[in-house]
Amino acid sequence: MAGGNHSQAAEERATSRSQSEVNKRLKYISLAVLVVQNASLILSIRYVRTLPGDRFFATSAVVMAEVLKVLTCLLIILLQKRFSVKETAFFLVDSIVFQYKDTLKLAVPSLIYTLQNNLQYIAISNLPAATFQVTYQLKILTTALFSVLMLRKSLSRVQWVSLLLLFAGVAIVQVQQEGKKEASVSDGSNQNYTVGLVAVVISCLSSGFAGVYFEKILKGSSASVWVRNVQLGIFGTVLGMLGLWWNDGAAIAEHGFLFGYTDMVWCVIFNQAFGGLLVAVVVKYADNILKGFATSFSIIVSTVMSIYLFGFHVDLLFTAGAGLVIGAVYMYSLPKAPGSSSPGSSSSSSVSSASPRTDGGGEMEAFLPKCAGKEKGS
C-alpha cells in the first residue's frame, strides 16, 4: 500500500514538472509571437507605404482585413461546433440577431477601431517606423487615464511614475524628430510629419477610450472572443466601406478595389487580420510583465530593423527617449505591491496595452471543439 502511494506521488511530481516545462515553453513562444506581431506589422506597413509606384488604398486594406477576420472567426466557431453548419447558423443568429441589444453595444467601439486602423496607416505612412512605435505607446497613458476616470480604477505610485516617464520619453523623441521634419520637407518628400503625429495621437486617444468603453459595456458578458470579433467585424466592415466610399470612392470606382495590391500588401493585410487573432490564442499564456517586456523588445526590434530597411538614424536623444519609454512600459506592467490599492478599488493591472479585440482574458477558448454540454455557455 505504501509502495503504491509513493508511486502515485512520484507520478504526480513528474506530471507537475512536465506541465511546468510545457507552460514555460508556451510563455517563450507567446513572447516571440507578441514581439514578431508587434514589430512586423508596423515595419511592413511602413515598407509598402513608402515603396515607389502605385499606392494601394488604405481604406480598402482596412475593409479587407475586417472581412478576413470575420471569415476566420466564423471558421473557428464552425470548428467548435464540430462542423455542424445548422448548429453554427442557429448559434450565430441567436448571438447576433436575437441578442441584438448586446450586438448594438459594439457599434461604438467598432466605429472607433475602424477609425483607429485608418489612422494607423496615415501615421505610419508619415512617420519613421521606430518613431511611430515609440509614440504609439502613449496608448498606455490614455488607457490608464480613461480607466481611472470611467472605471474608477486605481494606479500604484510606480505606475503613475511610469506614465510620467512614458510621456517624457515620447516628448524627447518628438524633439529629436523636429529637425528631421524640416529635412524631409526640403528633400521634396511627400511625407508630412505633423499629419503623422496628429494621426498617432488621435489613434492613441481612440485606442484608450475604446478599450475602456469595451470593458465597461461588456462587463460580465459570457460571449466568446470569437463571437465578439464577428460582431465587431460586421460593424467594422460596414463602417469601413462607408469610410472607403467617403474618402476614396471616386478613385476606387476608376481603378478598382484591389488597385496597387502586391504580394507584400497582401502580407500586411493577412498580418493585420490574423496577427491579432493569433495573439488572442497565445496571450493567455503571457502575464502583464511578459506583455510589457514584449512591447519593449518590439520597440528595439523596430528600431534596429528601421536602421537597415529605411536608413533610420539613431542619435543620443532618440536613444534616451526610447529608453525611457521602454523602461516605463516595463514598470507599468509590474504587479502592484500587496496593500497598495485602496479597499474596494479594482486593480489596474488589468489595464492592458493590448487591444480588447484580441485580449480574451477569461473568455479565451481553444480551437478544439467543446463538449456538447458546454456549448450553451459559449
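None of these values were measured; they are calculated from a predicted model.

1. As for the overall build of the protein chain
Step number 1: When helices and strands are counted, the protein chain shows 13 helices and zero strands.
Step number 2: Listing the helices and strands of the protein chain from first to last along the sequence gives α-α-α-α-α-α-α-α-α-α-α-α-α.
Step number 3: Counting only residues that meet the buried cut, the protein chain has 47% of its 378 residues in that class.
Step number 4: For the protein chain, restricting intrachain contacts to residue pairs at least 6 apart in sequence, the fraction spanning at least 24 positions comes to 88%.
Step number 5: Approximately 18800 Å² of the protein chain is accessible, and the part contributed by carbon and sulfur atoms is 67%.

2. Observations concerning the UniProt feature "transmembrane region" (unreviewed entry) in the protein chain
Step number 1: Following the UniProt record, one finds the feature "transmembrane region" (unreviewed entry) at residues 26–45, 57–79, 158–175, 195–214, 226–246, 258–283, 290–310 and 316–334.
Step number 2: Annotation note: span residues 57–79, helix share 96%, strand share 0%, distance between end C-alpha atoms 33 Å.
Step number 3: Overall, residues 290–310 shows 100% helix and 0% strand. The separation of its end C-alpha atoms is 29 Å.

3. Section: the pattern of salt bridges
Step number 1: Enumeration over the complete set of coordinates arrives at one salt bridge.
Step number 2: Of the charged contacts, one joins Arg228 and Asp102 as a salt bridge, the two residues approaching to 2.9 Å between their closest N and O atoms. Here Arg228 is found in helix 10 (residues 225–255), whereas its partner Asp102 is found in helix 4 (residues 100–104), with 126 residues between them in sequence. For the pair shown, Arg228 and Asp102 are each scored as buried.

4. Observations concerning the environment of Arg49
Step number 1: By the element assignment, Arg49 lies in helix 1 (residues 2–50).
Step number 2: A residue is classified by how much of its surface remains accessible, and Arg49, at 9% relative accessible area, is buried.
Step number 3: Along the sequence, Arg49 and Ser125 sit 76 residues apart, while their C-alpha atoms lie 5.6 Å from each other.
Step number 4: Ignoring any residue separated from it by four or fewer positions in sequence, one finds Arg49 in contact with Arg55, Phe56, Ala58, Tyr121 and Ser125.

5. Things to note about the packing of aromatic side chains
Geometry of an aromatic ring pair is reported as the spacing of the ring centres plus the angle between the planes.
Step number 1: One pass over the full model with this rule turns up 11 aromatic pairs.
Step number 2: Note on Phe270 and Phe274: the rings are 5.3 Å apart at their centroids and 40 degrees apart in plane angle, and the pair reads as tilted. Taken together, the residues span about one helical turn, with Phe270 and Phe274 both in helix 11 (residues 263–282) at a distance of four residues.
Step number 3: An aromatic cluster is present here, built from Phe56, Tyr121, Tyr261, Trp266, Phe270 and Phe274 joined pairwise through their rings.
Step number 4: Seen from the ring of Phe56, Arg49 lies directly overhead, with NZ or CZ sitting 4.8 Å from the centre.
Step number 5: Residue placement shows Lys81 over the ring face of Phe91; its charged tip is 4.2 Å from the ring centre.

6. Overview of the packing of helix 2 (residues 58–80) against helix 5 (residues 107–126)
Step number 1: The geometry of helix 2 relative to helix 5 is characterised by a closest axis approach of 9 Å and an angle of 135 degrees between their N-to-C directions. Looking at the two axes, helix 2 sits oblique to helix 5. Along this stretch, helix 2 crosses helix 5, giving a crossing that reads as right-handed. Across the interface between the two elements, Ala58, Thr59, Ala61, Val62 and Glu66 from helix 2 touch Thr114, Asn117, Asn118 and Tyr121 from helix 5.

Criteria and cut-off values
Residues numbered from 1 in each chain as written. Predicted model: local features only at pLDDT ≥ 70, side-chain atom pairs only at ≥ 80, totals over all residues. Heavy atoms only, no water. Helix = DSSP H or I, 4+ residues; strand = E, 2+ residues; numbered from the N terminus. Buried < 20%, exposed > 50% of the residue type's maximum accessible area, 1.4 Å probe, protein only. Contact = heavy atoms within 4.5 Å. Areas by Shrake-Rupley, 256 points an atom, 1.4 Å probe, with all protein chains shown as cover. UniProt positions renumbered as here; feature names shortened; annotations may be inferred. Salt bridge = Lys/Arg side-chain N within 4 Å of Asp/Glu carboxyl O. Phe/Tyr/Trp six-rings, centres within 6.5 Å; stacked < 30°, edge-to-face > 60°. Lys NZ or Arg CZ within 6 Å of the ring centre and 35° of its normal. Axes fitted to C-alpha atoms, helices over the stretch in contact; angles between N-to-C directions. Parallel < 35°, antiparallel > 145°, perpendicular 65-115°, else oblique. Left-handed = near helix turned anticlockwise from the far one by under 90°.

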